[in-house]
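# Structure assessment
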Amino acid sequence: MVGQQQAPSPAVEEIGAQPTRWTRRHVLDIDDFSVEEIELVMSQADAMSEVLSRDVPRVPALRGVTVVNLFYENSTRTRTSFELAAKALGADVVNIADSASSVTKGESLVDTVRTVQALGADIVVMRHAQSGAPYLAMRHSEVSFLNAGDGWHAHPSQALLDLYTLRQRIGSVRGRKVVICGDVAHSRVARSNIWGLATMGAQVVLSGPPTLIPREFSGPQEGLLPPVRVDHDFNSAIEGADVVMMLRLQAERQQSGLLPSLREYALLYQLDEERLARAASGAVVMHPGPMNEGVEISPAVAHGARSLVESQVTNGVAVRMALLYLVGNRRREARS
Ligand code: CP
């Protein structure tokens, strides 16, 4: 039960965070997070940012905990920030890439997870190309899983770091217009951000070509999906927006017939300075990365004064420290 007070552990006192009960063994999605849980992650991330600002940015909060980064897909931001986060909390960290593991010899996901558990893993941070992979792994193991991106499904730590970055820059997102533009259909970042932003009260507008926006968002959502509006015309969608979140366009969308040409896509959907001028004054720009500059976003906007892209990357460490700490501390409490 989030919000319930308990006696602070020494680790909590050292970090300076508010002791609050966290019940999740895993973080696989954000679709069932309550406002209170999201706020708890935000306040823990504040405490972690304070740790990171110290001369020696480390606390022994997860000393004795082993974190395994198990990445079946490439990553720069997520893998590095989870590693830095775990080290800043004093955890032992092991990185496993599928290309350098026995996966190349045919070992299954379940056997790999059982193997890292037998070797002493407490928390596994997993990225996998198949949607639902961490749910399968969870059923065959006692370790805690943090989903670092599964297929097109979810990327919860990205959505939480995006919410944290917005909270830092514009305050509450309640009532703010957030436009998410691009390949929503194939984006786990979009899916998790839609849930997180809607839970926190933002007005979410999806924009992009009809082939890249799932049809279910256009119909009656009847409580199954978060409330969003779809506007395929980016020029009108962006009018008065407080936040413009651009998504990476993958070139294979053109090869698979979902787009006539990248040139036409850029003409209609690239965020450049002229389009950004239609947004609210003071609107901010986000992109989870990696960016295709010159396709979905112009270099001037990507690196301009309104861009939060670097802050998103930086905040990834504090937010992932918060998640590792909350999950690791819950395991410790469950054992005692
Ligand atoms: N945003 C994101 O998930 O980036 P990486 O693929 O580099 O981790």
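Scoring rules and cut-offs
Residues numbered from 1 in each chain as written. Predicted model: local features only at pLDDT ≥ 70, side-chain atom pairs only at ≥ 80, totals over all residues. Heavy atoms only, no water. Near = heavy atom within 4 Å. Polar contact = N/O pair within 3.5 Å; in protein donor to acceptor, adjacent residues only side chain to side chain. Areas by Shrake-Rupley, 256 points an atom, 1.4 Å probe, with all protein chains shown as cover. Domains from an automatic or database assignment. Buried < 20%, exposed > 50% of the residue type's maximum accessible area, 1.4 Å probe, protein only. Helix = DSSP H or I, 4+ residues; strand = E, 2+ residues; numbered from the N terminus. Arc of directions from axis to C-beta. Contact = heavy atoms within 4.5 Å. pLDDT = per-residue confidence, 0-100. Buried area = accessible area lost by both parts, 1.4 Å probe. Pairing = 2+ DSSP bridges. Axes fitted to C-alpha atoms, helices over the stretch in contact; angles between N-to-C directions. Parallel < 35°, antiparallel > 145°, perpendicular 65-115°, else oblique. Nonpolar A, V, L, I, M, F, W, Y, C, P; charged D, E, K, R; others polar. Left-handed = near helix turned anticlockwise from the far one by under 90°.

## Structural notes on the site of the ligand
- Taken together, S75, T76, R77, T78, R127, H155, Q158, P288 and G289 are the residues near the ligand.
- At a separation of 3.0 Å, an oxygen atom of the ligand approaches a polar backbone atom of R77.
- Within the side chain of H155, a nitrogen or oxygen atom sits 2.9 Å from an oxygen atom of the ligand.
- Coverage of the ligand by the protein chains reaches 92% of its 250 Å² of free accessible surface.
- Two domains each provide a minimum of three residues to the shell around the ligand, namely domain 1 (10-155 + 315-328) and domain 2 (156-308).

## Observations concerning helix α10 (residues 262-269)
- Along α10, the positions that sit buried rather than exposed are Y265, A266 and Y269. One side of α10 holds all its buried residues, which, seen down the axis, span an arc of 95°. Facing away from the buried surface of α10 by more than 90 degrees, the exposed residues are R263 and L267.
- Residues of α10 that are buried in the fold lie against β5 (177-181), β6 (203-207), α8 (234-237), β8 (243-246) and α11 (273-276).

## Examining the confidence of the model for the protein chain
- Of all residues in the protein chain, 93% have pLDDT values of 70 or greater, and the mean over the chain is 92.
- Contacts of residues 1-10 to residues separated by more than four positions or lying in other chains number 21 contacts, the stretch itself having pLDDT below 50.

## A closer look at the domain arrangement of the protein chain
- Along its sequence, the protein chain is carved into domain 1 (10-155 + 315-328) and domain 2 (156-308).
- Each of domain 1 and domain 2 has a C-alpha centre, and these two points are 26 Å apart.
- Taken together, the contact between domain 1 and domain 2 spans 34 residues of the former and 25 residues of the latter.
- Counting the surface domain 1 buries against domain 2, the share from its top three residues, I30, W152 and H155, is 29%.

## Observations regarding the sheet that holds strand β3 (residues 123-128)
- Pairing within the open sheet is parallel, and its 4 strands lie in the order β2-β1-β3-β4. Two strands close off the open sheet at either side, each with one partner strand: β2 (92-97) and β4 (144-150). On average, each strand axis in the sheet is inclined to that of its neighbour by 15°, with strand direction left out of account.
- The strands touched by helix α4 (residues 109-118) within the sheet are β1 (66-71), β2, β3 and β4, with β3 carrying the most contacts at an inclination of about 155°.

## Quick look at the pairing of β6
- Of all 5 residues in β6, 4 are buried; the element is thus mostly enclosed.
- By the bridge criterion, 5 bridges tie β5 to β6 in an arrangement that is parallel. Paired with K177 across the strands is Q203, a residue of β6.
- Of the strand pairs in this sheet, β6 and strand β7 (residues 228-230) are connected by 3 bridges, and their pairing is parallel. Looking at the pairing, V205 lines up with R229 of β7.

## Observations concerning the sheet that holds β6
- Read across the sheet, 5 strands follow the order β7-β6-β5-β8-β9 without closing on themselves; strand pairing throughout is parallel. The two strands at the open ends of the sheet, each matched to only one other strand, are β7 and β9 (284-286). Direction aside, neighbouring strands of the sheet carry axes that sit 20° apart on average.
- The strands touched by helix α6 (residues 156-170) are β8 and β9; relative to β9, the strand with the most contacts, the crossing angle is about 165°.
- Across the sheet, helix α7 (residues 188-199) touches β5, β6, β7 and β8, and the angle it forms with β5 is around 170°.

## Some details on the packing of helix α2 (residues 35-52) against α6
- In contact at an axis separation of 10 Å, α2 and α6 are set at 70° when each is read in the N-to-C sense. For the element pair α2 / α6, the angle class is roughly perpendicular. Of α6, the residues touching α2 (which contributes I38, V41, M42, S43, A45, D46 and S49) are L160, L163, Y164 and R167.
- Tallied by class, residues from the contact of α2 with α6 come to 7 nonpolar, 2 polar and 2 charged.

## Considerations on the packing of α6 against α7
- The N-to-C vectors of α6 and α7 enclose an angle of 50°; their axes lie 8 Å apart at closest approach. Taken together, the axes of α6 and α7 are oblique relative to one another. Relative to α7, α6 is oriented so that their crossing is right-handed. Only V189, S192, N193, G196 and L197 of α7 make contact with α6, whose side of the interface consists of P156, Q158, A159, D162, L163 and L166.
- Among the residues forming the contact of α6 with α7, the class breakdown is 6 nonpolar, 4 polar and 1 charged.

## Examining α4
- When we look at burial in α4, the residues that qualify are L109, V110, T112, V113 and V116. The arc that holds every buried residue of α4, seen down its axis, measures 165°, which confines them to one face.
- Check the buried side of α4 and you find it contacts β1, β2, β3, α5 (133-138) and β4.
- One or two steps after α4, the chain reaches G120, where phi turns positive at roughly 110°.

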